[in-house]
Amino acid sequence: MEQLINIRQNIIDVYKRFEVPLNHVLKFIVALVVFLHIIQIGMYREEFAILFNGGTGILFALVFAVIFTVAPPALGLFFVAALIAIQMSVVMEVAVLVFLFLLLIIVFYARIAPKHAMLVLAIVVGFQLNIPYAVVLFAGLYFGFAAVVPVVLGTAVWSFLPLFRELAENTPVVAGEIDLMELPVAFLEIFGQFYEIVTTNLAWVMIGFVFAMMIVAVHLISLLSIARAKDIALGLGAFVGLASMIMIVAVAEVELTMAGIIIGSIVSFGLVYVAKFFDNVVDYTRVERVKFDDDDNVYYVKIVPKVKAANRPTPAAPVVEEEEVPQIIRAKRGNPYDYGQRTDE
């Protein structure tokens, strides 16, 4: 265990030293995976063939990934929406519908909560890698209730994109120039077909509900004042998600397999557990409770020591001016035992 703690601390030290460039590299890798997947849709008009044929497709994916990395979140998501619409432009009405749907998400949510909006993209990538549960568990542990909205939106995006593709494949392609006068009528017809498909296929609603339930359960359990609360939260959250998704596969038509759900849940739990390990490691065998009071209140504090790597220099305590010390501590500084009883659990 001591070796693991040392390795963990060394990795954290390297990350802190190169935090900004590493964050950009990770963002670039995620963006590249997304754009490489988008350019494989392959339902674009001939006018856009130069962008995606041969090696130019990979080149433009790299360019879009760089733009996504340095651009604000809302602008990066706008490029994602635009590229998806172009990829489905063989049927212009479907492309317009896709773009408007994604644009609504960007305008009404990404601009309000740009950091949380990245979870929309993360859950779509998670579905592509068959580990969406990792995003859900991580969101419940570190984002809380606010993660429910972007995770459900991301689930809707992942579920709707195949439906858009199905519409494009089943809609006759009109050769020649686009008739802008007939476009609104055709768009309304496509929208009616899409609305009918969405209202008759509610699997995405069930999956979104399961993910929301996982986020709420993980967040609430992680807040409990018990030993290993986060570990218990991850375990129960993964179990709830696994059991619920197996039931959904049994009763609904979804593009998920039983084996994929089981393996994905196990891998997701492992990934988030590793992330939690790098967040903090605490020693529950040395838990202490402290009780002290002042004229108005009685305070109960639970102290759980962090496990630190051996033989590492301890950072010097910050110098605190006398006037910055709270009155209650200054009054009791002469006798440290006045803080109250201190007992080990």
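Up top is the structure these notes are about.
Residues numbered from 1 in each chain as written. Predicted model: local features only at pLDDT ≥ 70, side-chain atom pairs only at ≥ 80, totals over all residues. Heavy atoms only, no water.

Asker: Tell me about the overall build of the chain, and name the residues and values.
Answerer: From N to C terminus, the chain includes 14 helices and 3 strands. Across the 345 residues of the chain, 39% fall into the buried class. The contacts of the chain with a sequence gap of at least 6 include a subset with a gap of at least 24, amounting to 74%. Working note: accessible area of the chain is about 20200 Å², and carbon and sulfur atoms make up 67% of it. (Helix = DSSP H or I, 4+ residues; strand = E, 2+ residues; numbered from the N terminus. Buried < 20%, exposed > 50% of the residue type's maximum accessible area, 1.4 Å probe, protein only. Contact = heavy atoms within 4.5 Å. Areas by Shrake-Rupley, 256 points an atom, 1.4 Å probe, with all protein chains shown as cover.)

Asker: Explain the environment of L220 to me, using residue names and the numbers behind them.
Answerer: Note on placement: L220 falls in helix α11 (residues 203–222). Between the C-alpha atoms of L220 and G144, which are 76 residues apart in sequence, the distance is 8.4 Å.

Asker: Mind laying out the side chain of D231, listing which residues take part and the relevant values?
Answerer: Counting through the fold element by element, D231 comes out in helix α12 (residues 229–251). Given a relative accessible area of 17%, D231 falls into the buried group. Apart from the residues lying within four places of it in its own chain, the contact partners of D231 are Y273 and K276.

Asker: Report on the pairing of strand β1 (residues 288–293), specifying residues and quantitative values.
Answerer: Residue alternation in β1 divides its side chains into a buried set, E288, V290 and F292, and an unburied set, R289, K291 and D293. Inspection of the sheet shows β1 paired to strand β2 (residues 298–303) by 6 bridges, in the antiparallel sense. For R289, the partnering residue across the bridge sits in β2 and is K302. Hairpin remark: β1 followed by β2, antiparallel, with 4 residues in the connecting loop. (Pairing = 2+ DSSP bridges.)

Asker: Just give me the short version of the packing of helix α7 (residues 114–128) against helix α9 (residues 148–170), but keep the residues and values in it.
Answerer: For the pair α7 and α9, the least separation of the axes is 8 Å and the interaxial angle reads 45°. Taken as axis vectors, α7 and α9 run oblique relative to one another. Viewed along their axes, α7 and α9 form a crossing whose handedness is right-handed. Residue-level inspection shows H116, L119, V120, I123, V124, F127 and Q128 of α7 in contact with α9, the latter providing P150, V151, L153, G154, T155, V157 and W158. (Axes fitted to C-alpha atoms, helices over the stretch in contact; angles between N-to-C directions. Parallel < 35°, antiparallel > 145°, perpendicular 65-115°, else oblique. Left-handed = near helix turned anticlockwise from the far one by under 90°.)

Asker: Can you lay out the nonpolar core for me, pointing to particular residues and giving the numbers?
Answerer: When a protein is soluble and globular, its nonpolar side chains tend to lie buried together. Core analysis: the largest hydrophobic core is formed by 81 residues, its most contacted members being F35, V94, F164, I207, F211 and M245. Apart from residues lying up to four places away in sequence, V94 is in contact with M88, F164, L167, A168 and I190. (Core = buried A, V, L, I, M, F, W, Y, C linked by side-chain atoms within 4.5 Å.)

Asker: Can you break down helix α8 (residues 132–142) residue by residue, with the values?
Answerer: Among the 11 residues of α8, 9 are classified as buried, and the element is accordingly described as predominantly covered. At the C-terminal side of α8, G144 shows a positive phi close to 75°.

Asker: Describe in detail the pattern of salt bridges, supporting the description with residues and values.
Answerer: Throughout the structure, instances matching the rule amount to 2 salt bridges. For D231, the salt bridge identified is with R228, shortest N-O distance 3.7 Å. The residue K276 makes a salt bridge to D231 at a minimum N-O spacing of 3.0 Å. One end of the pair, K276, is in helix α13 (residues 258–279); the other, D231, is in helix α12, and 45 residues separate them in sequence. Each member of the pair, K276 as well as D231, carries the same accessibility label: buried. Sharing partners across several salt bridges, the network here consists of R228, D231 and K276. (Salt bridge = Lys/Arg side-chain N within 4 Å of Asp/Glu carboxyl O.)

Asker: Which residues make up a nonpolar patch on the surface, and what values do they have?
Answerer: A surface patch of nonpolar side chains, amounting to about 330 Å² of accessible area, comprises V14, Y15, F18 and L22. Relative accessible area serves as the criterion here: at 33%, L22 is assigned to the partly exposed category. (Patch = residues over 30% accessible without salt bridge, like charges linked within 9 Å, V, L, I, M, F, W, Y side chains within 5 Å.)

By themselves, these figures tell us nothing about what the structure is for.
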